[in-house]
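A closer look at the structure
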Amino acid sequence: MTDGASGVSGGSGAADAANDAAQSAANDAAASAVESMGPASAEAVSSAEAAAEAAKVGDACTAEAALSRAEAAASQTAQAAQTVADIAAQTPTSVTEAAAALAAEDAQNAAAAVDAARQAVESMREDLGVSGCISQAPTAPTQGLALNTIEQLWA
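A brief structural summary.

The subject of this paragraph is the side chain of T93. For T93, the location among the structural elements is in the loop between α2 (60-90) and α3 (94-128). Relative accessible area serves as the criterion here: at 11%, T93 is assigned to the buried category. Those residues within four positions of T93 in sequence are excluded, and the remaining contacts are Q23 and N27.

We now examine the environment of A70. As for its placement among the helices and strands, A70 is situated in helix α2. Judged by relative accessible area, A70 falls into the buried class, the value being 0%. Sequence-wise, A70 and E43 are 27 residues apart; in three dimensions their C-alpha atoms are separated by 6.5 Å.

Formed by 18 residues in total, the largest nonpolar core has its most connected members in A51, A63, L67, V121 and M124. Elements with a contribution of two residues or more to this core: α1 (2-56), α2 and α3. For this core, the leading source of residues is α2, giving seven residues. Apart from residues lying up to four places away in sequence, M124 is in contact with A55, G58, D59, A60 and A63.

Relative to each other, α2 and α3 sit at 160°, their axes nearing to 8 Å. Relative to α3, the element α2 lies roughly antiparallel. Considering only the axes of α2 and α3, their crossing is left-handed. When its residues are assigned to classes, the contact of α2 with α3 shows 21 nonpolar, two polar and six charged.

An α-helical turn contains 3.6 residues, so any two residues separated by three or four positions project in the same direction. With 35 residues, α3 should cover 51 Å at 1.5 Å per step; its first-to-last C-alpha distance of 51 Å lies within 8% of that length. Of the residues making up α3, those classed as buried are T96, A99, A100, A103, A107, A110, A113, V114, A117, V121, M124 and R125. Just downstream of α3 lies G129, where phi reads positive at about 70°.

What counts and what doesn't
Residues numbered from 1 in each chain as written. Predicted model: local features only at pLDDT ≥ 70, side-chain atom pairs only at ≥ 80, totals over all residues. Heavy atoms only, no water. Helix = DSSP H or I, 4+ residues; strand = E, 2+ residues; numbered from the N terminus. Buried < 20%, exposed > 50% of the residue type's maximum accessible area, 1.4 Å probe, protein only. Contact = heavy atoms within 4.5 Å. Core = buried A, V, L, I, M, F, W, Y, C linked by side-chain atoms within 4.5 Å. Axes fitted to C-alpha atoms, helices over the stretch in contact; angles between N-to-C directions. Parallel < 35°, antiparallel > 145°, perpendicular 65-115°, else oblique. Left-handed = near helix turned anticlockwise from the far one by under 90°. Nonpolar A, V, L, I, M, F, W, Y, C, P; charged D, E, K, R; others polar. Expected span 1.5 Å × (residues − 1).

See below:
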């Protein structure tokens with residue numbers, strides 16, 4: 001009978017080892033995902049700040065371009081945070097849960113920065129009375145659009 005009990009114990013040891021390996025892999029995956037989201041998070045915040053600064057001085061094109069970059073980076077950050085949350089839900093350990101909390105905070109900070117920039121850009125649009133970036137038109141007519149050429153078309 002002791003041999004049978006020993007076999008059950010051995011099976012339990014293998015299950016524990018497999019569980020430990022799974023937890024270790026989840027911990028590594030969560031930590032790696034948090035680390036990889038750092039550049040996107042930093043890009044979201046810095047581009048959002050650039051958009052807000054450009055909006056303050058009425059540079060619509062720069063503000064909108066920076067806001068677009070910030071939104072894309074914030075989206076990447078949110079996706080990475082969701083990945084970490086999924087890992088933590090599948091394999092809850094102290095490491096995966098801490099990583100998920102950190103990733104969620106990072107994503108919230110990026111989203112808040114983008115929201116602030118979006119408000120600044122909207123305010124700038126209202127102040128300038130424009131709906132978006134207005135590209136710079138040439139001050140002198142181009143050869144193809146000279147007034148006399150247009151008049152000839154209607155003649």
